[in-house]
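# A look at the structure
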Amino acid sequence: IGREVLLEVKASGLCHSDLHMMNNPKGFPLAAVLGHEASGVVTAVGPDVTQFAVGDHVVGCLVSHCGRCERCMSGRPYQCRNAAETMRQPGEGARLSVEGAPAIQFWNLGAFAAQMLVHENNIVKVDPSIPFEKAALLGCGVVTGPSMRFCGGDEPDCRAAIVSRPGERSPAASLLVASLTADAV
């Protein structure tokens with residue numbers, strides 16, 4: 001339908017969020033396909049898909065975004081107010097179903113499957129030379145793990161930040177924190 005892409009999953013990482021949902025499913029709708037660290041190959045595209053073609057190597061993107069609002073266009077897709085536009089609309093049916101009942105795709109991906117059917121804004125094209133098992137980690141582990149933005153001296157409002165999951169600090173994050181100066185907050 002429209003802007004949906006079908007891909008063959010080649011690799012999927014196991015994130016702590018997936019383990020948490022498997023062990024504590026209260027409040028999460030079932031049936032569900034977990035998994036959100038995925039890499040694969042595009043096998044089919046909907047008639048309105050503009051950014052992908054069959055054969056492209058892709059990774060899942062857990063930030064659903066419309067791609068056209070002011071926030072998306074200014075580089076802040078994580079603040080998109082129209083993310084629901086990437087979901088199937090009423091009357092279109094579910095992307096996944098179990099015995100005719102809708103099934104949830106964790107983070108709109110559902111990577112623990114042989115195939116994923118997703119909106120084109122929930123995948124990102126990657127260089128085909130990157131091994132699938134490494135590319136899969138880009139979908140969550142790399143983007144939600146510790147990260148830091150370094151700025152040049154000509155940017156007066158420059159700040160550096162450490163981002164990691166609540167309650168967790170990796171050795172890399174500890175090193176980054178230790179390297180911060182008073183000028184990098």
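Going by the structure above, here's the rest.
Residues numbered from 1 in each chain as written. Predicted model: local features only at pLDDT ≥ 70, side-chain atom pairs only at ≥ 80, totals over all residues. Heavy atoms only, no water.

## Focus: the sheet that holds strand 6 (residues 101-105)
- Ordered by their spatial adjacency, three strands build an open sheet running 2-6-5, and the pairing between neighbours is mixed. A single partner strand is all that each edge strand has here, and the edge strands are strand 2 (32-33) and strand 5 (96-98).
- In this sheet, strand 6 lies alongside strand 5 in antiparallel orientation, the contact comprising three bridges. Looking at strand 6, one finds that Val 98 is bridged to Ala 101. (Pairing = 2+ DSSP bridges. Helix = DSSP H or I, 4+ residues; strand = E, 2+ residues; numbered from the N terminus.)

## Description of the sheet that holds strand 3 (residues 37-45)
- Strand order in this open sheet of five strands is 7-1-3-4-8, and the pairing throughout is antiparallel. Only two strands of the sheet have a single partner each, and these edge strands are strand 7 (115-119) and strand 8 (123-125). Neighbouring strand axes in the sheet, compared pairwise and without regard to direction, differ in orientation by 40 degrees on average.
- Alignment of strand 3 against strand 4 (residues 57-60), held across three bridges, turns out to be antiparallel. Bridging from a neighbouring strand, Val 41 pairs with His 57 of strand 4. (Axes fitted to C-alpha atoms, helices over the stretch in contact; angles between N-to-C directions.)

## Looking at the nonpolar core
- Residues Val 5, Leu 7, Phe 52, Val 58, Met 116, Val 118 and Ile 123 are the most contacted members of the largest nonpolar core, which totals 13 residues.
- Those elements that provide at least two residues to this core are strand 1 (4-13), strand 3 and strand 7.
- Counting residues per element, this core draws most heavily on strand 1, at three residues.
- Apart from residues no more than four positions distant in its own chain, Val 58 is found in contact with Leu 7, Ala 38, Ser 39, Gly 40, Val 42, Phe 52, Ile 123, Val 124, Lys 125 and Val 126. (Core = buried A, V, L, I, M, F, W, Y, C linked by side-chain atoms within 4.5 Å. Buried < 20%, exposed > 50% of the residue type's maximum accessible area, 1.4 Å probe, protein only. Contact = heavy atoms within 4.5 Å.)

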